[in-house]
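Fold and contact review
Read off the chains here:
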Amino acid sequence: MANVYVLDHPLIQHKLTYIRNKDTGTKEFRELVDEVAALMAFEITRDMPLEEIEIETPVTTAKTKILSGKKIGLIPILRAGLGMVDGILRLIPAAKVGHVGLYRDPETLKPVEYYIKLPSDINERELIVIDPMLATGGSANDAIHSLKKRGANNIKLMCLIAAPEGVELVKKEHPDVDIYLAALDEKLNDHGYIVPGLGDAGDRLFGTK
Ligand SMILES: O=P(O)(O)OC[C@H]1O[C@H](OP(=O)(O)OP(=O)(O)O)[C@H](O)[C@@H]1O
Ligand SMILES: O=c1cc[nH]c(=O)[nH]1
Ligand SMILES: [Mg+2]
């Protein structure tokens, strides 16, 4: 069964407050999303495997640890997921990035896929699907199905804010996918927006409204 983790580190929670605030402008919003993504990546990668190697320090020989070469793939869901990519890449610069383009039809709230481009070896990678918002869950659910259809078998989902409806859908459809959040909010409104949420993540990141 999927685990759902709400990352309650004080720095994440503090920055999320400013991300939610309607008076935060595009520049600051983008910087904060980038910073929170990096902080979340720090927590998500807690279980990355290490191996011991021997090195020479200026003083002596030492047994010490390095990452054991586990391959990571970041999969932002366009557009809004793009806002989280650079923050994570600063911590995991060797990660490959695949893109899934989806938008949510404003009438039906159903996701429409318009683009997909993935690293060729996704079946050998641990994939982190990233999107600031998990609302009805339709977009993340479709993105994960698309990845599995193409051979992915090790997937985590990372979102800033989720509604209970989205979490339930992903848990039901993908019990193998752990979900990492900065906050689990109260509900969806009649337009499928998360309450209290942060509004439209893509518009706030790119200044399109
Ligand atoms: O869980 P859901 O109900 O599917 O909603 C969440 C999706 O909606 C937003 O994208 P949007 O459709 O606004 O596209 P955009 O990123 O291009 O703005 C958001 O970034 C998610 O991808
Ligand atoms: O609250 C929401 C729901 C879907 N997409 C967003 O950007 N915000
Ligand atoms: Mg949007």
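Per chain, residues are indexed from 1 in the order of the written sequence. All chains are assigned letters beginning with A, and all ligands numbers beginning with 1, in the order in which they are written. Two thresholds apply to this predicted model, a pLDDT of at least 70 for residue-level local features and 80 or more for giving and counting side-chain atom pairs, whereas whole-chain, interface and lining totals are computed over all residues. Excluding hydrogens and water, the side-chain figures rest on all heavy atoms present in the structure.

1. Digging into the UniProt feature "binding site: 5-phospho-alpha-D-ribose 1-diphosphate" (unreviewed entry) in the chain
- UniProt positions are given in the numbering used here, feature names are shortened, and annotations may be inferred rather than shown by experiment. Following the UniProt record, one finds the feature "binding site: 5-phospho-alpha-D-ribose 1-diphosphate" (unreviewed entry) at Arg-79, Arg-104, Asp-131, Pro-132, Met-133, Leu-134, Ala-135, Thr-136, Gly-137, Gly-138, Ser-139 and Asp-200.
- Position of Met-133 among the secondary structure elements: in strand S9 (residues 133–134).
- For Met-133, the contacting residues outside a window of four places in its chain are Ile-161, Ile-194, Leu-198, Gly-199 and Ala-201.
- Only DSSP runs of H or I reaching four residues or more are called helices, and only runs of E reaching two or more are called strands; each is numbered from the N terminus. Here Gly-137 shows up in the loop between S9 and helix H4 (138–149).
- Taking the relative accessible area as the measure of exposure, Gly-137 reaches 4% and is therefore buried.
- If sequence neighbours within four positions are ignored, Gly-137 has contacts with Gly-166, Leu-169 and Val-170. Every residue pair with non-hydrogen atoms within 4.5 Å of one another is taken to be in contact. A simple rule labels every residue: compare its accessible area, found with a 1.4 Å probe on the protein chains alone, to the largest value its type can have, and call it buried under 20%, exposed over 50%, or partly exposed in between.

2. Considering the site of ligand 1
- One heavy atom suffices: a residue is near a molecule or strand as soon as one of its heavy atoms comes within 4 Å of it. Near ligand 1 you find 15 residues, and of these Arg-104, Asp-131, Thr-136, Gly-137 and Ser-139 are the closest.
- Polar contacts, as counted here, are pairs of nitrogen or oxygen atoms within 3.5 Å of one another; within protein the pair requires one atom able to donate a hydrogen and one able to accept it, and residues that are adjacent in sequence qualify only if both atoms are side-chain atoms. With respect to ligand 1, the side chain of Arg-79 contributes an N or O atom lying 2.9 Å from an oxygen atom.
- Interatomic distance of 2.4 Å between a side-chain N/O atom of Asp-131 and an oxygen atom of ligand 1.
- For ligand 1, whose unbound accessible area comes to 500 Å², protein coverage reaches 91%.
- Looking at the shell around ligand 1, the elements that each hand over two or more residues are strand S6 (99–104), S9 and H4.
- Ten residue types, Ala, Val, Leu, Ile, Met, Phe, Trp, Tyr, Cys and Pro, are classed as nonpolar, four, Asp, Glu, Lys and Arg, as charged, and the remainder, Gly among them, as polar. Of the residues contributing to the shell around ligand 1, the split by class is 6 nonpolar, 5 polar and 4 charged. Calculation of accessible area relied on Shrake-Rupley with a 1.4 Å probe; when residues are assessed, cover is drawn exclusively from the protein chains displayed.

3. A closer look at the UniProt feature "binding site: uracil" (unreviewed entry) in the chain
- Look at the UniProt record and you will see "binding site: uracil" (unreviewed entry) annotated at Ile-194, Gly-199, Asp-200 and Ala-201.
- Beyond its immediate stretch of four places on either side in the chain, Asp-200 contacts Arg-79 and Tyr-193.
- A distance of 3.1 Å separates the side chain of Asp-200 from the backbone nitrogen of Gly-202, its partner in a polar contact.
- For Ala-201, the location among the structural elements is in helix H6 (residues 201–206).
- Residue classification places Ala-201 among the buried residues on the basis of a relative accessible area of 4%.
- Among residues more than four places away in sequence, those in contact with Ala-201 are Phe-29, Ala-80, Pro-132 and Met-133.

4. A closer look at the nonpolar core
- We define the nonpolar core as a collection of buried residues of types Ala, Val, Leu, Ile, Met, Phe, Trp, Tyr and Cys that are connected through side-chain atoms lying within 4.5 Å of one another. One finds Ile-19, Met-40, Ile-88, Met-158 and Leu-160 to be the most contacted residues of the largest nonpolar core, which totals 37 residues.
- Among the secondary structure elements, those contributing two or more residues to this core are helix H1 (10–20), helix H2 (26–44), strand S4 (72–78), helix H3 (85–91), strand S8 (126–130), strand S10 (155–162), strand S11 (178–184) and H6.
- Not counting the four nearest positions on each side in its chain, Met-158 is found in contact with Ala-37, Met-40, Ala-41, Ile-44, Met-84, Ile-88, Ile-128, Val-129, Ile-130, Asp-131 and Tyr-180.
- Counting 23 residues, the second largest nonpolar core, distinct from the first, contains Ile-77, Val-100, Leu-118 and Ile-155.

5. Some details on the side chain of Ser-139
- When you line up the elements, Ser-139 lands in helix H4.
- Residue classification places Ser-139 among the buried residues on the basis of a relative accessible area of 17%.

6. Quick notes on the pairing of S8
- Counting buried residues in S8 gives 5 out of 5 residues, a clear majority hidden from the surface.
- Here S8 shows a buried face lined by Glu-126, Ile-128 and Ile-130 and a second buried face lined by Leu-127 and Val-129.
- Pairing geometry for S4 and S8, over 5 bridges, is parallel. Note that in S8 the partner of Ile-72 across the bridge is Glu-126. Any two strands with at least two DSSP-identified bridges between them are counted as paired.

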